[in-house]
Amino acid sequence: MAVVDRNGPIADAWTRLADEEAVSKGASVIVSFARLKNEHNSLFSTAGAVGVEIPGDVNLDELEPFLPRLSVIVVRMATMRDGRAFSIGRLLRERYSYGADMRAVGDFIPDQILFLLRCGFTSFEVKDNFPIDSLKRSVAAYTAWYQRASDRATTVAELRQGANPNGGTS
Amino acid sequence: MYIYDQFDHAITKERVAEFSQQVSRRLTGELSEEQFRPLRLMNGLYLQLHAYMLRVAIPYGTLSSKQLHKLADIAKKYDRDYAHFTTRQNIQYNWIKLDQVPDLLAELASVEMHANQTSGNCIRNVTADQFAGVAGDEIEDPRIISEVIRQWSTFHPEFSFLPRKFKIAVTGAPKDRAAIQYHDIGIHIVKNDAGETGYAIYVGGGMGRTPVVAPLIKPFVARADLLSYLEACLRVYNLHGRRDNIYKARIKILVRDLGPAEYARQVEEMWPMTRAAGVDVPAGEVARIAAFFAPPAYDKILEPVAAFTAAKAKYSAFARWVQTNVHPHKVPGYGAVTISLKPIGGIPGDASSAQMHAIADMADTYSLGEVRVTHVQNLVLPNVKQADLFAVWQRLGEIGFAEGNVGLITDIIACPGLDYCSLANARSIPIAQRLSQKFADLDRQHNIGPLQIKISGCINACGHHHAGHIGILGVDKAGVELYQLTLGGAGDETASIGQLLGPGFTSEDIVGAVDKLVNTYLDLREKPSETFLEAYRRVGPAPFKESLYGRR
Amino acid sequence: MAQAKPQNKILTANRLRNGETVYYTAAGEWSPYVSEARIATTAEDADALAKIGAAAYAANTVIDVAVIDVNPGAGAKPSHIREVIRATGPTVRVDLNKSVAPPQR
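Residues numbered from 1 in each chain as written. Chains lettered and ligands numbered in written order. Predicted model: local features only at pLDDT ≥ 70, side-chain atom pairs only at ≥ 80, totals over all residues.

**Topic: the overall build of chain A**
Logical step 1: Along chain A, the regular secondary structure elements total 6 helices and 8 strands.
Logical step 2: Reading chain A from its N end, one meets helices and strands in the order β-β-β-β-α-β-α-β-α-β-α-β-α-α.
Logical step 3: Judged by the C-alpha coordinates and their principal axes, chain A covers about 65 × 35 × 30 Å.
Logical step 4: Counting over 170 residues, chain A shows a buried share of 39%. (Helix = DSSP H or I, 4+ residues; strand = E, 2+ residues; numbered from the N terminus. Buried ≥ 20, exposed ≤ 12 C-beta atoms within 10 Å, placed from the backbone.)

**Digging into the overall build of chain B**
Logical step 1: Secondary structure summary: chain B contains 18 helices and 21 strands in total.
Logical step 2: In terms of overall size, chain B behaves like a compact globule, its C-alpha atoms giving a radius of gyration of 23 Å where 552 residues would be expected to give roughly 24 Å.
Logical step 3: Expressed as a percentage of its 552 residues, the buried residues of chain B come to 59%. (Rg over C-alpha atoms; globule rule 2.2 N^0.38 Å.)

**Focus on the sheet that holds strand S4 (residues 82-85) of chain B**
Residues and elements named next belong to chain B.
Logical step 1: The strand order across the open sheet built from 5 strands is S1-S2-S5-S4-S13, with neighbouring strands paired in antiparallel fashion. Looking at which strands have only one partner, the edges of the open sheet turn out to be strand S1 (45-47) and strand S13 (350-352). Taking the axes of each pair of neighbouring strands and ignoring which way they run, one obtains an average angle of 30° across the sheet.
Logical step 2: Note that S4 and strand S5 (residues 91-96) share 2 bridges and pair antiparallel. Bridge pairing links Phe85 to Ile91 in S5.
Logical step 3: Across the sheet, helix H12 (residues 353-366) is in contact with S4 and S13; its angle to S13 comes to roughly 85°. (Pairing = 2+ DSSP bridges. Axes fitted to C-alpha atoms, helices over the stretch in contact; angles between N-to-C directions. Contact = placed C-beta atoms within 7 Å.)

**With respect to the interface of chain B and chain A**
Logical step 1: In this assembly, 37 residues from chain B lie in contact with 33 residues from chain A.
Logical step 2: When contributions to the side of chain B that touches chain A are tallied by element, the ones reaching two or more residues are helix H1 (6-28), helix H2 (33-41), helix H5 (142-153), helix H6 (226-240) and helix H9 (283-292) of chain B.
Logical step 3: In terms of residue count, the dominant contributor to the side of chain B that touches chain A is H1(B) (9 residues).
Logical step 4: Here the residues of the side of chain B that touches chain A sort into 15 nonpolar, 12 polar and 10 charged. (Nonpolar A, V, L, I, M, F, W, Y, C, P; charged D, E, K, R; others polar.)

**Here we look at the environment of Lys516(B)**
Residue and element names in this part refer to chain B.
Logical step 1: Secondary-structure assignment places Lys516 in helix H16 (residues 507-524).
Logical step 2: Since 14 C-beta atoms lie within 10 Å of it, Lys516 is described here as partly exposed.
Logical step 3: Leave out the neighbours within four places in its chain, and Lys516 touches Ser547 and Leu548.

**Description of the interface of chain B and chain C**
Logical step 1: Taken together, the contacts link 23 residues of chain B with 20 residues of chain C.
Logical step 2: In terms of residues, the side of chain B that touches chain C owes the most to one element, helix H14 (residues 429-438) of chain B, which gives 3 residues.
Logical step 3: Of the residues that constitute the side of chain B that touches chain C, the class distribution is 12 nonpolar, 4 polar and 7 charged.

**What to know about the packing of helix H3 (residues 65-78) of chain B against H12(B)**
Residue and element names in this part refer to chain B.
Logical step 1: Between H3 and H12, whose axes approach to 8 Å, the crossing angle comes to 170°. When the axes of H3 and H12 are compared, the pair comes out roughly antiparallel. Between H3, through Ser65, Leu68, His69, Leu71, Ala72, Ala75 and Lys76, and H12, the contact on the second element is made entirely by Ser353, Met356, His357, Ile359, Ala360, Ala363 and Asp364. (Parallel < 35°, antiparallel > 145°, perpendicular 65-115°, else oblique.)

**Observations regarding the pairing of S5(B)**
Residue and element names in this part refer to chain B.
Logical step 1: The buried fraction of S5 amounts to 6 of the 6 residues, a majority that puts the element mostly inside the structure.
Logical step 2: As paired strands, strand S2 (residues 52-56) and S5 are joined by 4 bridges and run antiparallel to one another. By the bridge assignment, Arg55 is partnered in S5 with Gln92.
Logical step 3: Between the end of S4 and the start of S5, which pair antiparallel, lie 5 residues, with Gln89 showing a positive phi angle near 60°.

**Some thoughts on the arrangement of the chains**
Logical step 1: Among the 2 pairs of chains that make contact, the interface with the largest number of contacts is formed by chains A and B.
Logical step 2: Chain A shows no contact with chain C. Their nearest C-alpha atoms sit 18 Å apart.

**Concerning H14(B)**
Every α-helix carries 3.6 residues per turn, so stepping three or four residues along brings you back to the same face.
All names here are of chain B.
Logical step 1: Counting buried positions over the 10 residues of H14 gives 7, a clear majority of the element.
Logical step 2: All of the buried residues along H14 are Ile429, Pro430, Ile431, Ala432, Gln433, Leu435 and Ser436.
Logical step 3: Close packing links the buried residues of H14 with strand S16 (413-414), strand S17 (453-456), strand S18 (470-477), strand S19 (480-487) and H16.

**Looking at the environment of Ser428(B)**
Residue and element names in this part refer to chain B.
Logical step 1: On the secondary structure map, Ser428 appears in the loop between S16 and H14.
Logical step 2: On the basis of neighbour counts, which here come to 34 C-beta atoms within 10 Å, the residue Ser428 falls in the buried class.
Logical step 3: Residues Ser428 and Glu196, spaced 232 residues apart in sequence, show a C-alpha to C-alpha distance of 45 Å.
Logical step 4: Apart from the residues lying within four places of it in its own chain, the contact partners of Ser428 are Ala414, Cys415, Pro416, Gly417, Ile455, Ser456, Gly457, Gly463 and Gly474.

**Notes on helix H2 (residues 81-88) of chain C**
Residues and elements named next belong to chain C.
Logical step 1: Buried residues of H2: Arg82, Glu83, Ile85, Arg86 and Ala87, and no others.
Logical step 2: Next to the buried residues of H2 lie strand S2 (21-24) and strand S4 (62-70).
Logical step 3: In the segment just after H2, Gly89 is the residue with positive phi, at about 130°.

**A word on the sheet that holds strand S7 (residues 101-106) of chain A**
Residue and element names in this part refer to chain A.
Logical step 1: Strand order in the open sheet formed by 8 strands is S2-S1-S8-S7-S6-S5-S4-S3, and the pairing between neighbours is mixed. Strand pairing shows two members of the sheet lacking a second neighbour, strand S2 (8-10) and strand S3 (15-16), which therefore form its edges.
Logical step 2: Contacting strand S4 (28-32) and strand S5 (49-54), helix H1 (residues 33-46) crosses the sheet at an angle of about 145° to S4.

**Quick word on the confidence of the model for chain A**
Logical step 1: Across chain A, pLDDT averages 93, with 95% of residues at or above 70.
Logical step 2: In the predicted structure, residues 164-170 of chain A sits below a pLDDT of 50 and forms 7 contacts with residues beyond four places in sequence or in another chain. (pLDDT = per-residue confidence, 0-100.)

**Digging into the environment of Glu36(C)**
Logical step 1: Considering the arrangement of structural elements, one finds Glu36(C) in the loop between strand S3 (30-31) and helix H1 (43-58).
Logical step 2: Linking Glu36(C) and Ile10(C), residues 26 residues apart in sequence, is a C-alpha distance of 9.9 Å.

**Observations concerning the pairing of strand S12 (residues 334-339) of chain B**
All names here are of chain B.
Logical step 1: In terms of residue burial, S12 counts as a mostly covered element, since 6 of its 6 residues are buried.
Logical step 2: Every second residue of S12 is oriented toward a common face, with Tyr334, Ala336 and Thr338 on one face and Gly335, Val337 and Ile339 on the other, all of them buried.
Logical step 3: Pairing of strand S11 (residues 326-328) with S12, which is carried by 3 bridges, proceeds in the antiparallel orientation. Across the sheet, residue Pro328 finds its bridge partner in S12, namely Gly335.
Logical step 4: Count of turn residues in the S11/S12 antiparallel hairpin: 5 residues, of which Gly333 carries a positive phi of about 90°.
Logical step 5: The pairing of S12 with strand S15 (residues 379-385) spans 5 bridges and is antiparallel. When the sheet's bridge partners are listed, Thr338 is paired in S15 with Val380.

**Thoughts on unusual backbone geometry**
Negative phi values dominate among residues other than glycine, just as trans dominates among peptide bonds.
All names here are of chain B.
Logical step 1: Glu303 connects to Pro304 through a cis peptide bond whose omega is -5°.
Logical step 2: With respect to the helices and strands, the residue Pro304 is situated in the loop between H9 and helix H10 (306-314).
Logical step 3: Although it is not a glycine, Gln89 sits at a positive phi angle of roughly 60°.
Logical step 4: Relative to the elements of secondary structure, Gln89 occurs in the loop between S4 and S5.
Logical step 5: Its 25 C-beta neighbours within 10 Å are what place Gln89 among the buried residues.
Logical step 6: Its identity is not glycine, yet Ala478 carries a phi of approximately 50°, on the positive side.
Logical step 7: As for its placement among the helices and strands, Ala478 is situated in the loop between S18 and S19.

**Topic: the packing of helix H7 (residues 251-258) of chain B against helix H8 (residues 260-276) of chain B**
Residues and elements named next belong to chain B.
Logical step 1: Running from N to C, H7 and H8 cross one another at 105°; their axes reach a closest spacing of 5 Å. Relative to H8, the element H7 is oriented roughly perpendicular. On H8, the residues touching Leu254, Val255 and Leu258 of H7 are Pro260, Glu262 and Tyr263.
Logical step 2: Taken together, the residues of the contact of H7 with H8 break down into 5 nonpolar, no polar and 1 charged.

**Observations regarding the confidence of the model for chain B**
Logical step 1: The predicted model of chain B has a mean per-residue pLDDT of 97, with 100% of residues at 70 or higher.
Logical step 2: We note a pTM of 0.96 for the whole complex and an ipTM of 0.95 for its interfaces.

Written out as structure tokens, the structure reads:
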């Protein structure tokens, strides 16, 4: 497994812990949501940084109390067609104002990363043979967007308002 | 018509480039078929029985003559010289080669067209009333918000991998000509008590395995809030729609399971957030789009138009064609002509490239360069002067499209069925052809009056059989094509779902069975003006059942 | 007790590059003509065809791979109407239909 962001491979400092594995002092660990709920006091006091993996059917209100202290949220896509992650991303960024790393994991393809980025994701756990060239091309595929999303990219409507009011390109 | 600016052009070009490299990566094997399939579907590309099929979007059914010429050129260059207009106001090519799709898309882009989101689990091509802008009963031209929705839904980052496909339709008049309550979201343009124009939102309609007439979820959404409300509707669905069972994944199942009131409550809860996110487009942008749909410069014409009156008096066939195929226009002296793509014995919705070129030329000569596609698989010349109607009718006769049957029993909807479609269980087109031949006599058609037959070759219901006054559903029983009959469906503002009458009929017997139903109606109607649907709603299925299956 | 005679089978698919309907032949190629299809008369033969199909799919040569029933006797004649239509073309456009066999030279 490798981790990438929009520009390509990045270093991954995180250790994934199974629920029965002990936490080393100062470690950066990703735990299950169940473990986070049960052991948050000891987790936050022992680990150096805490992340959580959430499933597609997560109740985000239950996650909300932990958000300020989480350093990464991993959202699992069951298949490349499991589009809940896109809404979860937007909710975390826009409703819950979550500001740290948000990572997608699952069977998605490079072409989907562009939309995941727009929905607030910042890193992606992928197979080692993930086609980085396709990723780089995919994220640069569009120069403008019709709709507002979590990335706050300027929309076409805004660009038009800024353009010549007669609709010309001035 | 809406005209692309530099941003629309840039995005469309970028899309062609993106899909072209996806095709290349598929051909080299970087993308597997499992990975490529959702990508190609999102570009309207299916694999059917004989070849790839490409579905090209005709947003809200509006075409320029230039675009129609290009569609005809594409049929000749990339296909077998014909194409098929669909019930969702799109056009389909049946014999497409994957490695030629990038070139084809580039040609489409040159006339501001695309195949974006004509399939896949995303927001599909938005459909609208074919008489938008010309119907006298209109509150607001539905194409304005349809274009707003088209742009908003194009490459929507959050809603491109929904549990299932998502169809939106808009109608701008009290009379629903877009079957909005059979859509995932139906938008009815209304005025509130304060006289402001806004939108009534119906959610969770659909056909397919579980036909549902959509309930009203929100009686009035102001224009400035429409997109944020739609976004809230979609987000609730994207998060909570079922993904474990493809047959239960449409929003209609979610709305049914939650109950419309609870679904509406969840949308209300989500709405403040989508509003705050700045999803709604500024009023200036809506005004910019609306300007493209401002009425064209019509001539001032005094009615009656003498030449038109004289031609009707002289040629009874022309007068009859006017009666069925010409819809009143809001401007005096004009009419909206429906071109029936249902010649007797023909394939519903099919047109050759020569026919498409001829219609495009007629649009230039007689209809201010504009053509519409209807959800009944016909075309419309929306702006024809009454004085030109006779010439239009004659020219249509030369290309085989002068059938005066719009709204009558031979104006049949049929999906491609087992002749083309890999999902179909039975053929649809041959049934339509034989029914049309059976009822060819125009006197009899007029005597029967308004009657919609809709034929689907499988339960997915692309032929809208649930909404047919007489619906026909093809099924496969141990390798034999059988046809089930439903009665009493309607797709208008009185939408209802057709009820299954009884056991199915063979291909040989189905035409005779429909004939019996029609004769039963003719016998029991109270007066000639009582339509088939009205009579059925009055008496129910019993006499019709008896005519087919005898007394039980 | 006599075993039921196994159903004859052939291997069909569509070419990835152009979508054309094709059949796997005795010569080990993909032909557009159903009459050229290699007929499996035993369950083992049918399994072999399925494996060939899976390999061709994995090699990105063809998609929509299926082993389908054909009628008993010589010359592959698909049993189900869907496959009959697939082998020749839409019944409503016979002008566009293809033959079940290659044209005579």
